[in-house]
Amino acid sequence: MSSFTKRVHIKNRKHKFEVGERPGTINIPDDALPPQIVIYSFNETDLQTREGSDMKTITQQLKKCNEHTHWIKINGLGDAKLIEDIGTFMGINQLVLEDVVNTHQRPKFDEYDNYVFGTSRIIFFNDDNELVNCQFSGIVKDNIIISFEESHKDYFEPIKIRLQAGKGIIRTAGPGYIFYALTDTILDNYFVVLSQIGDRIDQTEDKLYESPDKSIMFEAQQLKRTLIVIRRSCWPERDKINDMIRSESELITKDVKLYLRDAYDHCIQAMDMVESYKEVTSSIIDLYLSMVSNRMNEIMKVLTIISVVFIPLTFIAGIYGMNFSHTDEHGHVIPDNMPELYWHHGYVYAIILMLGIGVGLLFIFWKKGWFNKL
Amino acid sequence: MSSFTKRVHIKNRKHKFEVGERPGTINIPDDALPPQIVIYSFNETDLQTREGSDMKTITQQLKKCNEHTHWIKINGLGDAKLIEDIGTFMGINQLVLEDVVNTHQRPKFDEYDNYVFGTSRIIFFNDDNELVNCQFSGIVKDNIIISFEESHKDYFEPIKIRLQAGKGIIRTAGPGYIFYALTDTILDNYFVVLSQIGDRIDQTEDKLYESPDKSIMFEAQQLKRTLIVIRRSCWPERDKINDMIRSESELITKDVKLYLRDAYDHCIQAMDMVESYKEVTSSIIDLYLSMVSNRMNEIMKVLTIISVVFIPLTFIAGIYGMNFSHTDEHGHVIPDNMPELYWHHGYVYAIILMLGIGVGLLFIFWKKGWFNKL
Amino acid sequence: MSSFTKRVHIKNRKHKFEVGERPGTINIPDDALPPQIVIYSFNETDLQTREGSDMKTITQQLKKCNEHTHWIKINGLGDAKLIEDIGTFMGINQLVLEDVVNTHQRPKFDEYDNYVFGTSRIIFFNDDNELVNCQFSGIVKDNIIISFEESHKDYFEPIKIRLQAGKGIIRTAGPGYIFYALTDTILDNYFVVLSQIGDRIDQTEDKLYESPDKSIMFEAQQLKRTLIVIRRSCWPERDKINDMIRSESELITKDVKLYLRDAYDHCIQAMDMVESYKEVTSSIIDLYLSMVSNRMNEIMKVLTIISVVFIPLTFIAGIYGMNFSHTDEHGHVIPDNMPELYWHHGYVYAIILMLGIGVGLLFIFWKKGWFNKL
Amino acid sequence: MSSFTKRVHIKNRKHKFEVGERPGTINIPDDALPPQIVIYSFNETDLQTREGSDMKTITQQLKKCNEHTHWIKINGLGDAKLIEDIGTFMGINQLVLEDVVNTHQRPKFDEYDNYVFGTSRIIFFNDDNELVNCQFSGIVKDNIIISFEESHKDYFEPIKIRLQAGKGIIRTAGPGYIFYALTDTILDNYFVVLSQIGDRIDQTEDKLYESPDKSIMFEAQQLKRTLIVIRRSCWPERDKINDMIRSESELITKDVKLYLRDAYDHCIQAMDMVESYKEVTSSIIDLYLSMVSNRMNEIMKVLTIISVVFIPLTFIAGIYGMNFSHTDEHGHVIPDNMPELYWHHGYVYAIILMLGIGVGLLFIFWKKGWFNKL
Amino acid sequence: MSSFTKRVHIKNRKHKFEVGERPGTINIPDDALPPQIVIYSFNETDLQTREGSDMKTITQQLKKCNEHTHWIKINGLGDAKLIEDIGTFMGINQLVLEDVVNTHQRPKFDEYDNYVFGTSRIIFFNDDNELVNCQFSGIVKDNIIISFEESHKDYFEPIKIRLQAGKGIIRTAGPGYIFYALTDTILDNYFVVLSQIGDRIDQTEDKLYESPDKSIMFEAQQLKRTLIVIRRSCWPERDKINDMIRSESELITKDVKLYLRDAYDHCIQAMDMVESYKEVTSSIIDLYLSMVSNRMNEIMKVLTIISVVFIPLTFIAGIYGMNFSHTDEHGHVIPDNMPELYWHHGYVYAIILMLGIGVGLLFIFWKKGWFNKL
């Protein structure tokens, strides 16, 4: 539970930019990771894998199998030179390259003359149970798809496995299908994150019903903020997929669009879950606040009833604790100043008076319904 | 009332999926029920009913009466093989089959080349008074409609009865009409659920006016959450029906569209009721909170008035309970240190002083309007 | 005021329906009133009025003056046979007849091949000051308009009077104009209801400023709920009128559309008033809650100041009420254990000490600004 | 400040109408002012001014200068006959005349065959600092513009002055330009009102920071309501101006439309200011409520700390105020029942005990952070 | 931190205008700064800079290099004559000039026959840490762009530097590109402001978790208001950029539109950040309020438990402090009126009784769960 109550940071790495600088300038943040390149070149029968971290590896591999479909997978954006070289080699606009390294893009899909460009938000809980929100971007041109990720995490492992298995149309449907498959993997991970959040909500709700304490408020706020982060990725992702479906680029084939329609449904389902969870979280907060306020009510009621019953009684005791006295010339008390004190059963009468007042007050409160639970 | 205060679980069965797996993969949840198949084959004059649980039953029956309209009713989705066989036999896209078994679809309507596909949410209170939210899906192709349900509950009994009666156009209007009739039955059940919720709201409201207690907050939150579940089904259902009305598929005939317009109105009516009920529920919560706060006010006021009246009186009694004394050499008290104590009517004066202060304070509070009900 | 604080019931008569029954089935609720029929047949020079309660009256009258415009006014929907006969005679779709008797329709306007159909919500306060929300529906075909109302109330009296007077175009503009006139009368009544609500809001506001009590919260909630009912009728009414203006049916003539534009403006004005009133009601609730909280503040402040001043004083009195004593062998008190008690002016010193503490505390609180009104 | 705290009445004069009456009926409210007519007839070189209060003045003046542009300015709508005469003379639809006298129109712009009609809301603070919300309407036909106002206030004085000066295109641009100029003057006055409200908001905010009291809540609510009135006029005014810009009537020339675009911008600016002011007002309320709650916290904390420290001390004093005693046969006290009382330094010990408890409790509270400001 | 808690003033300079004055009138506010003019004339190879403050400088420079692109940068709007002269010289509509000097425009983009006009809001924190919100406007015609700013601050320094460097297309892409570059610089500054706000939010959040006090509420409100100011600029800025992208003016070339698409994305990103920050700020306020309320709960609980335990104990002490006595004729006490007082171990019994009651009450409260943290 300890890792659960960690603050969710919504700020990832800070923007690094100069005011008014030339658009298309490629600024690499200081803590960006060095790039790791893996190239998958494949056709129906063949799959080649080649690793490297410089431009040469790429150009060699592309030349070698120029009829294959290539998926150039780049993890780590720490090398401005490499990214510019890729841009030049592929004929990519500087503004697109800027978007690749400026990792605060909203999901979007842009069509250019002979290539398409898209970004998504990759969201997962890391091993320290922190919510990570980093950027994926992809460029599709001719028979090539280049994917860029911020981290070195092997996020797209399942796609690699599917490529190796070679079942279905994954090796034959072109780079647009790979782009779809990557997007779909990202969406699948949204459901993983949402299911983890769902479990936490369940835990929090159980706690609310079983042993509520003030951490609930805190946890619910954290969950809400996590959900807001996901929603902020999900909404533009939906628009992006919609743009892809409506795209007139031949890189997004009709077959791929059919699958994208499916991804579109998944995206809406994820948004639906986010909204549900947000509402559940809100109702947890409402119920918790109502429980706190009921608790306060109960405490106040007990305090009030006990106070109000005892205040007059203590006052009476105080009266008969007064030292009014009248003494005769011998210093002997003459029982006429507080005559009750000298009555034979004065004490018993006083006790009876007090009991009467106490019971009377309790009766009045019972009549007023103060003993009902409200 | 006990079953009433059950928690509403909005999570049905968990998603079962692998991140990044091939789209169209059919994953059957472990707790899915085995399929029960009933085939109704009918034309204007004939109605045949055939039960089974495998593919053979279906193919035999379809061959036998190839001029009839067939309604293949499948309850239970626990047999991946069967569903794939149906898919192959009917020529249905894998993605559609995935949607059939992944029972978290939003209501939607998709047109394909020669068939249409739709899903709805079936919502009802089960015998344990729990809200069940499960999936209906239907495929219409040629003269066949296949309906899939998660549960074994005989939800579409009324349609069976209407088929047996054979009145109206139900036997002659084709599979599209059956699809409409199933959708309409689902909508009718929304009204049943809403009417049950309406009764519960009435009970809660009666309780609010007659014997409010803290369960009201809880119950209102539960009702609200139930309404949210229904609304989440109702909105996309409306869009789905609208898509059907605008569909250009010849499986949805012009006659059926007239009826769908009617179903569309019902759907909006249901949404309207949901919104009404949500507002009533909110106003119950507001009124309850206001009653609680009024109660607290009243209690605080009584406490304050009694405390504030008695605090000075008790202080005076305390003063005259002090033991200041001045004794002469004989140890006799000389009445000059607290002379009031030795006055002849000192006690009476003290009582009058106290009464005066008490009445004075009450008068001040009355002047300030503290006895008015706010 | 007593009738004012009645609960507003938003549920009218319950839906009566069977799940999954044949669409177009005419279910008459058990408490539906028997129909009263009045037929107004008129042209520029002539106006005939005929009353009855069966189909024969209608057919006779229609035959008798087949060149006249006919307004068949039916109050009470308790006769399924009659309604079906009218449907058959006029050639009306079963679904339309179902909408006529199922009195929970939202305002809508539907065009059919040779007739048009519209519904509205009639809203008024009845003699018991309860908000009644019942259904009006109208069918216009050829030279005939049939109007259906749930109640026997003579709601359209003013139209009857205008028909009798025969001024303006009411007798010559055809049944579409009568339909407009009925709709406009319903809208006029919205203003009547809104003006009654406006008066109640004024009363509540006056009460808030003059003698606020806890009924204000209750009354404001009731008003809010009433306004919600009206808004729910008003919004679709606007859409309905808009549909009529855009209608291509020749039953809604160009002249009538000019008047409908006017009705459309009225409808928006009514919605505007509803929104205004809702905002005023909300601000009444806010102000009331703020007054309650201010009151609590004031009370708490008085309690605190008095308590905090007297608590130390009472403690001091308690100290000098202790019985510590030191006696010599003669049982005489030796004034060395609580020497203050035996000082000559000990009592006066104690009183001065207490006064000092009291005044000091008051000064501190005054410094802290506790005497300012916050 | 006294006039400031006046209630803002959002209801102006009451609707006067009969339910179901003939559309186009002209009902003059009883308190309507008698009309004052001023006719300005002008061309590039000439400006004639003529006053009157009947139809004859108008017809004479129109005949006399039939080539001039005429602005017929009518203040006061108390003469039904006059308005009907104008309607007949100008050939204006009855529904338009009804809108002129029914002074609850939303701003709108309607085009008719050969004339246009528009309304606006005139909003200002009168000399009693009350918010006045009355109606302006204008009819433009041929070379004539007729303007109607409810009040006798000389609201359009600046236009008169500009006409007399004759600079710019005001005398030559036709009646459409005059209509624009009137609308623009009304918009300019919105800024005057908004600037007065801005000053009041500043005053209220200063008060909040310097000497907050409970009038702030009240004042903020009043300001909010005033802003709502303005917003309600501003939004449809924007639509109206937009309708004018898109109008195809030749009465609204292309030149005028350029100016209307400017007026449109002003309208949006006014709406922007309204929204800003509403948000500032809301944040004033939030801050005030938070200050009140902080004040309560502080008071409660002082009460609690003082109570909790003194309650055990007073209890101890109470214990040693008990009269338990054991007397020997001589009536002399034997110091064995409450032996502490008879210890030599018992009193000092008791004082030390009390001090210890008091300091200990304060230490505990300090440890718990109760002395921190939260 | 002191400058942080400054009030954010959303009102800049006051509107200065006369109601109903001629549109296009140029009113210079009294505190407007005198204009400083810098003209940058450049082509691919040449860059000339010329400073001045009158019309002559401009005309001379334009004539001198009539093939160059000119950027006339005007800081300070205090000279009505100059602005009118520029308007006349360039052939600019009076209404545009009015918008230039009336510095309360929302961002907008207007196309005229042969020139375009746009405004933006420049937002930054000045050296006193106050939020400044002033106006930028630009006119593009032929080969000239004129930029107007309210302040003398050298806001566009980076553009000057880029012009001097002459890299990229800045010197060759025409005045439309300069207009884009200025707009983009303004947008870049939004991110600077947002990043400062982000830091403040972090500080406030740290404070919330580490040493919460009541300044948090205040600071969060200030941050919220700042964010509202930025959002109000950002939204219309987006629309403005969109209008520029869709503009058909040849002054906004296709190349520039590509860059504008990039600026459009930045604008949406800024809006996204504003929304994120608003939500974080709201959740800070919620958490703070919940902490305050938890604190109050804890304090109330301690008060209640201590009070409720000691109230009955003090009452018992009060009882045995009563002076009921019965004396024989010798003035000797006969121990029968309060016999407990004279029991041998009465005092010990009383102490035991008190301890028992105290422990019993604590046990009851523990049972009720009052010691749990809620």
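Residues numbered from 1 in each chain as written. Chains lettered and ligands numbered in written order. Predicted model: local features only at pLDDT ≥ 70, side-chain atom pairs only at ≥ 80, totals over all residues. Heavy atoms only, no water.

A. Spatial organisation of the packing of aromatic side chains. With the rule as written, the count across this model stands at 63 aromatic pairs over all chains. Pairing Phe 363 of chain A with Trp 366 of chain A gives two aromatic rings, centres 5.9 Å apart and planes at 40 degrees, and the pair type is tilted. Linking Phe 363 of chain A with Trp 366 of chain A, this pair stays in helix α8 (residues 346-367), spanning three residues, or about one helical turn. Looking at Phe 363 of chain A, the relative accessible area reads 46%, which means it is partly exposed. A centroid spacing of 6.0 Å and a plane angle of 40 degrees characterise the contact between Phe 124 of chain E and Tyr 155 of chain E, whose relative ring orientation is tilted. Of this pair, Phe 124 of chain E sits in strand β5 (residues 115-125) while Tyr 155 of chain E sits in the loop between β7 (144-149) and α4 (157-165), placing them 31 residues apart in sequence. Through pairs of rings, three or more aromatic residues link up here, namely Tyr 40, Trp 71, Phe 124, Phe 136, Tyr 155, Phe 156 and Phe 179 of chain A. A cation sits over an aromatic face here: Lys 153 of chain B above Phe 124 of chain B, 4.4 Å from the ring centre. (Phe/Tyr/Trp six-rings, centres within 6.5 Å; stacked < 30°, edge-to-face > 60°. Helix = DSSP H or I, 4+ residues; strand = E, 2+ residues; numbered from the N terminus. Buried < 20%, exposed > 50% of the residue type's maximum accessible area, 1.4 Å probe, protein only. Lys NZ or Arg CZ within 6 Å of the ring centre and 35° of its normal.)

B. Examining the interface of chain C and chain B more closely. On the chain B side, the residues contacting the 66 residues of chain C number 68 residues. The contact between chain C and chain B buries some 5,900 Å² in all, and 60% of this surface belongs to carbon and sulfur atoms. At the boundary of chain C with chain B, the tally comes to six salt bridges. Residue Asp 272 of chain B is joined to Arg 106 of chain C by a salt bridge in which the shortest nitrogen-to-oxygen separation is 3.6 Å. If you look at where chain C meets chain B, you find seven residue pairs in polar contact (both at pLDDT 80 or more). For the side of chain C that touches chain B, the secondary structure elements donating two or more residues are α3 (94-101), β4 (108-111), α6 (215-246), α7 (254-319) and α8 (346-367) of chain C. The dominant element in the side of chain C that touches chain B, judged by the number of residues it contributes, is α7 of chain C, at 16 residues. (Contact = heavy atoms within 4.5 Å. Buried area = accessible area lost by both parts, 1.4 Å probe. Salt bridge = Lys/Arg side-chain N within 4 Å of Asp/Glu carboxyl O. Polar contact = N/O pair within 3.5 Å; in protein donor to acceptor, adjacent residues only side chain to side chain.)

C. Quick look at the nonpolar core. Counting 136 residues, the largest nonpolar core has Trp 71, Phe 156 and Ile 197 of chain C together with Trp 71, Phe 156 and Ile 197 of chain D as its most contacted members. Discounting chain neighbours no more than four positions away, the residues touching Trp 71 of chain D are Val 38, Ile 39, Tyr 40, Phe 42, Ile 145, Ser 147, Phe 156, Ile 159, Leu 163, Ile 178 and Leu 182 of chain D. By size, the runner-up hydrophobic cluster in this structure holds 134 residues, among which are Tyr 155 of chain A together with Phe 156, Ile 197 and Leu 287 of chain B. (Core = buried A, V, L, I, M, F, W, Y, C linked by side-chain atoms within 4.5 Å.)

D. Representation of the side chain of Ser 307 of chain D in the model. Within the secondary structure layout, Ser 307 of chain D lies in helix α7 (residues 254-319). Exposure remark for Ser 307 of chain D: the relative accessible area of 7% places this residue in the buried category. Not counting the four nearest positions on each side in its chain, Ser 307 of chain D is found in contact with Ile 311 of chain C together with Leu 303 of chain E.

E. Layout of the UniProt feature "transmembrane region" (unreviewed entry) in chain A. Residue and element names in this part refer to chain A. In the numbering used here, UniProt assigns the "transmembrane region" (unreviewed entry) feature to residues 302-322 and 342-366. Helix makes up 86% of residues 302-322 and strand 0%, with an end-to-end C-alpha separation of 30 Å. In residues 342-366, the share of helix is 84% and the share of strand is 0%. The end C-alpha atoms are 36 Å apart. (UniProt positions renumbered as here; feature names shortened; annotations may be inferred.)

F. Geometry of the relation of the copies chain C and chain B. Placing chain C over chain B gives an RMSD of 0.1 Å and needs a rotation angle of 72 degrees, together with 0.1 Å of translation along the axis. What the superposition gives is, in effect, a five-fold axis relating one chain to the other. Judged by C-alpha distance, Gly 321 of chain C is the residue of chain C that lies nearest the rotation axis, at 4.6 Å. Interface overlap between copies is the fraction of interface residues in one copy that are interface residues in the other; for chain C against chain B it is only 12%, indicating separate surfaces. (Least-squares fit on C-alpha atoms with pLDDT ≥ 70 in both.)

G. Broad picture of unusual backbone geometry. Residue and element names in this part refer to chain A. Backbone geometry places Asn 129, a non-glycine residue, at a positive phi of 65 degrees. Looking at the element boundaries, Asn 129 is found in the loop between β5 (115-125) and β6 (131-141). In this structure Asn 129 comes out as partly exposed when scored by relative accessible area, which is 26%.

H. The arrangement of the environment of Tyr 177 of chain D in detail. Within the element layout of this structure, Tyr 177 of chain D appears in helix α5 (residues 175-210). Residue classification places Tyr 177 of chain D among the buried positions, given a relative accessible area of 2%. Placed 94 residues apart in sequence, Tyr 177 of chain D and Met 271 of chain D show a C-alpha to C-alpha distance of 24 Å. Those residues within four positions of Tyr 177 of chain D in sequence are excluded, and the remaining contacts are Arg 162, Ile 169, Ile 170, Val 256 and Tyr 259 of chain D together with Pro 23 of chain E. A distance of 3.2 Å separates the side chain of Tyr 177 of chain D from the side chain of Arg 162 of chain D, its partner in a polar contact.

I. Geometry of the relation of the copies chain E and chain A. Under the fitted operation, chain E is carried onto chain A by 0.1 Å of movement along the axis and a turn of 72 degrees, and the coordinates agree to an RMSD of 0.1 Å. Mapped onto chain A, only 12% of the interface residues of chain E again fall at the interface, so the copies present different surfaces.

J. Examining the arrangement of the chains more closely. Between chain B and chain D there is no contact, and the shortest C-alpha to C-alpha distance separating them is 9 Å. Spatially, chain B is disjoint from chain E: no contact exists, and the shortest C-alpha separation is 9 Å.

K. Quick peek at the domain arrangement of chain A. When its domains are assigned, chain A resolves into domain 1 (3-290) and domain 2 (294-373). For domain 1 of chain A versus domain 2 of chain A, the distance between C-alpha centres works out to 75 Å. (Domains from an automatic or database assignment.)

L. Inspection of the interface of chain E and chain A at higher detail. In this complex, chain E contributes 68 residues to the contact, which on the side of chain A involves 66 residues. Around 5,900 Å² of area is buried between chain E and chain A when both sides are counted, 60% of it from carbon and sulfur atoms. Our enumeration of links across chain E and chain A arrives at five salt bridges. Taken together, the links from chain E to chain A amount to eight residue pairs in polar contact (both at pLDDT 80 or more). For the side of chain E that touches chain A, the secondary structure elements donating two or more residues are α4, α5 (175-210) and α7 (254-319) of chain E.

M. Up close: the packing of helix α6 (residues 215-246) of chain E against α7 of chain E. All names here are of chain E. In contact at an axis separation of 9 Å, α6 and α7 are set at 160 degrees when each is read in the N-to-C sense. Classified by the angle their axes make, α6 and α7 are roughly antiparallel. Judged by the twist between their axes, the crossing of α6 over α7 is left-handed. Classifying every residue of the contact of α6 with α7 by side-chain character gives 25 nonpolar, four polar and eight charged. (Axes fitted to C-alpha atoms, helices over the stretch in contact; angles between N-to-C directions. Parallel < 35°, antiparallel > 145°, perpendicular 65-115°, else oblique. Left-handed = near helix turned anticlockwise from the far one by under 90°. Nonpolar A, V, L, I, M, F, W, Y, C, P; charged D, E, K, R; others polar.)

N. Inspection of the environment of Pro 236 of chain E at higher detail. All names here are of chain E. Here Pro 236 shows up in helix α6. Of the residues examined, Pro 236 reaches a relative accessible area of 2% and is grouped as buried. Sequence separation between Pro 236 and Ser 120 is 116 residues, and the spatial gap between their C-alpha atoms is 8.8 Å.

O. Geometry of the pattern of salt bridges. For the structure shown, the criterion picks out 74 salt bridges over all chains. Close ionic contact of Glu 219 of chain E with Lys 207 of chain E constitutes a salt bridge, the shortest N to O distance being 3.0 Å. Placement of the pair is Glu 219 of chain E in helix α6 and Lys 207 of chain E in helix α5, with a sequence separation of twelve residues. Assigned by exposure class, Glu 219 of chain E and Lys 207 of chain E land together as buried. Three or more residues are tied together by salt bridges with common partners; here these are Asp 272 and Glu 279 of chain A together with Arg 106, Arg 231, Arg 232 and Glu 275 of chain B.

P. Representation of helix α5 (residues 175-210) of chain C in the model. For α5 of chain C, with 36 residues, the first-to-last C-alpha span of 52 Å sits near the 52 Å given by 1.5 Å per residue. Within α5 of chain C, 27 of the 36 residues are buried, which leaves it mostly tucked inside the rest of the structure. (Expected span 1.5 Å × (residues − 1).)

Q. Molecular detail of the sheet that holds strand β1 (residues 36-42) of chain E. Residues and elements named next belong to chain E. Taken in spatial order, the seven strands of this open sheet run β2-β1-β3-β7-β6-β5-β4, and their pairing is mixed. Of all the strands in the sheet, the pair left with one neighbour each is β2 (47-52) and β4 (108-111). The average undirected angle you get between the axes of adjacent strands in this sheet is 15 degrees. Note that β4 and β5 share four bridges and pair antiparallel. Each residue of the ladder has a partner; that of Asp 110, found in β5, is Phe 117. Each of β1, β3 (69-75), β4, β5, β6 (131-141) and β7 touches α5; the most contacted strand, β5, lies at about 20 degrees to it. (Pairing = 2+ DSSP bridges.)

R. Representation of the sheet that holds strand β3 (residues 69-75) of chain C in the model. Residue and element names in this part refer to chain C. One open sheet holds the seven strands; their spatial order is β2-β1-β3-β7-β6-β5-β4, and the pairing between them is mixed. Unpaired on one side and paired on the other, β2 (47-52) and β4 mark the two borders of the sheet. Strand after strand, the sheet turns through a mean of 15 degrees between neighbouring axes, direction not considered. Summarising the sheet, β3 and strand β7 (residues 144-149) pair through six bridges and their orientation is parallel. Looking at the pairing, Asn 75 lines up with Glu 149 of β7. Each of β4, β5 (115-125) and β6 (131-141) is contacted by α6, which is oriented at about 155 degrees to β5, the strand it contacts most.

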